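In case you want the letters, here they are:
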Amino acid sequence: MPSIASQYLELTKPRVVALIVFTAIIGMFLAVPGWPPLRESVVGFIGIWLAAGSAAAINHLIDQRIDRLMARTSHRPLATGTLTPTQVLAFAIGLGTLSMTLLIAFVNPLTAALTFASLIGYAVVYTAFLKRATPQNIVIGGAAGAAPPVLGWAAVTGEVHPYALLLFLIIFVWTPPHFWALAIFRREDYSRAQVPMLPVTHGVTYTRWHVLAYTILLVIVTVLPYLTGMSGLFYLGGALVLGAGFLWYAIVLLNPPDELFAMKVFNYSIIYLMALFAFLLVDHYLVAEAAPVGGFFLEKVGG
């Protein structure tokens, strides 16, 4: 039987939160020409991680009825009765309170406010309302999941730069094809739980075409960092190769070889986002190395 500690850890959705925190860290590094300030980076990382974990725990609490009905989530601590709702609520409040305290005291109020807004956006607006209200739930609710690089940027600079919003836009457009691929594979689960995901309300074929449409839009959006001068040719090459791969998966998904192919699209989308942000990071320091002190890149970051 899993330990109590591992059950609490599961409440934080560690794999999902790892991707969230990864994009936040990239936002920190992209925000400055050299190394980001140590205190703001470390405490910002911890604070954002704690807030994401708190939001995930609230998601467990609100979705406990749904989780019991879905094969993918039936093992979760509340679904199995390992933890009680009171324990989960106390845990979520504790993580959220610690997060806000750290961010306000050691980072800056802007990061704390944006992080709190993201927490509420995911845990309350998306989970409690949008998820059950509209098949466009993941499109609208995706704004909360797209916020981490903005949080990271704000943590080390104290401002929201247009480039940070560009990172937000990339994740915002990436979220629907990423999640709809999973929803296609798990559509029977969502139907049984009466969650109006797009494959349930409009059918699989309709959803597959939406995945393709958003993937095309994503490829276009990911060229913007190059076009705006945020990144260089190294990033552009990586983005185009990764985008071509995503397009291939989206096209094949229109007439997939088997049911499991939707999960292959889902898994590729995770690798895609991590690799895309890694290309941004490497390109950032390649450009910084190439530019003279006080040169083009420094001027861009400084406005």
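Above this text sits the structure in question.
Residues numbered from 1 in each chain as written. Predicted model: local features only at pLDDT ≥ 70, side-chain atom pairs only at ≥ 80, totals over all residues. Heavy atoms only, no water.

A. Structural detail: the overall build of the protein. Scanning the protein from N- to C-terminus turns up 17 helices and zero strands. Taking 2.2 N^0.38 as the reference for a compact globule, 303 residues should give roughly 19 Å; the C-alpha atoms of the protein span a radius of gyration of 20 Å, in line with that estimate. For the protein, the spread of C-alpha atoms along the three principal axes comes to 60 × 50 × 35 Å. Expressed as a percentage of its 303 residues, the buried residues of the protein come to 52%. (Helix = DSSP H or I, 4+ residues; strand = E, 2+ residues; numbered from the N terminus. Rg over C-alpha atoms; globule rule 2.2 N^0.38 Å. Buried < 20%, exposed > 50% of the residue type's maximum accessible area, 1.4 Å probe, protein only.)

B. Fine view of helix H7 (residues 109-133). In H7, a bend of some 55 degrees at Tyr126 exceeds every other bend along the element. Those residues of H7 lying buried are Thr111, Ala112, Thr115, Ser118, Leu119, Gly121, Ala123, Tyr126, Thr127, Leu130 and Lys131. Next to the buried residues of H7 lie helix H3 (38-62), helix H6 (85-106), helix H8 (137-145), helix H9 (148-157) and helix H10 (162-185). (Bend = angle between axes of the 7 residues up to and from the residue. Contact = heavy atoms within 4.5 Å.)

C. Looking closely at the side chain of Asn59. Along the polypeptide, Asn59 turns up in helix H3. Owing to a relative accessible area of 1%, Asn59 belongs among the buried residues under this scheme. Looking at Asn59, its side chain comes within polar contact range of the side chain of Tyr122, at 3.3 Å. Ignoring any residue separated from it by four or fewer positions in sequence, one finds Asn59 in contact with Lys13, Arg76, Tyr122 and Thr127. (Polar contact = N/O pair within 3.5 Å; in protein donor to acceptor, adjacent residues only side chain to side chain.)

D. Molecular detail of the packing of aromatic side chains. All told, the structure shown has 15 aromatic pairs when counted by the stated rule. Seen from their ring centres, Phe29 and Trp35 are 5.6 Å apart, and the 75 degrees between their planes marks the pair as edge-to-face. Of the residues examined, Phe29 reaches a relative accessible area of 19% and is grouped as buried. On the accessibility criterion, Trp35 (71% relative accessible area) is exposed. Plain terms: the ring middles of Trp248 and Phe261 are 6.2 Å apart, the flat faces sit at 70 degrees to each other, and that makes the pair edge-to-face. Of this pair, Trp248 sits in helix H15 (residues 233-253) while Phe261 sits in helix H16 (residues 261-290), and the two are 13 residues apart along the sequence. A relative accessible area of 4% places Phe261 in the buried class. In this structure an aromatic cluster arises from ring pairing among Phe246, Trp248, Tyr249, Phe261, Tyr268 and Tyr272. (Phe/Tyr/Trp six-rings, centres within 6.5 Å; stacked < 30°, edge-to-face > 60°.)

E. View of the pattern of salt bridges. Applying the stated criterion across every chain yields a total of six salt bridges. When the shortest N-O distance is used, the salt bridge between Arg187 and Glu259 registers 3.3 Å. Taken together, the positions of Arg187 in helix H11 (residues 187-192) and Glu259 in the loop between H15 and H16 put the pair 72 residues apart, joining distant regions of the chain. Taken together, the salt bridges that share partners define one network made up of Asp63, Lys131 and Arg132. (Salt bridge = Lys/Arg side-chain N within 4 Å of Asp/Glu carboxyl O.)

F. Focus on the nonpolar core. Of all hydrophobic cores here, the largest spans 73 residues; its most connected members are Trp153, Trp174, Tyr272 and Phe277. The dominant element in this core, judged by the number of residues it contributes, is H10, at 14 residues. Residues within four places of Trp174 in sequence aside, it is in contact with Leu19, Leu218, Phe246, Ser269, Ile270, Tyr272 and Leu273. Formed by seven residues, the second largest nonpolar core is a distinct cluster that contains Ala57, Leu61, Val88 and Ala92. (Core = buried A, V, L, I, M, F, W, Y, C linked by side-chain atoms within 4.5 Å.)

G. Molecular detail of the packing of H6 against H7. At a minimum axis distance of 7 Å, the contact between H6 and H7 shows a crossing angle of 155 degrees. Here H6 is positioned roughly antiparallel relative to H7, judged by the angle of their axes. On the side of H6, the interface is formed by Ser99, Met100, Leu103 and Ile104, while H7 contributes Thr111, Ala112, Thr115 and Phe116. Taken together, the residues that form the contact of H6 with H7 break down as five nonpolar, three polar and no charged. (Axes fitted to C-alpha atoms, helices over the stretch in contact; angles between N-to-C directions. Parallel < 35°, antiparallel > 145°, perpendicular 65-115°, else oblique. Nonpolar A, V, L, I, M, F, W, Y, C, P; charged D, E, K, R; others polar.)

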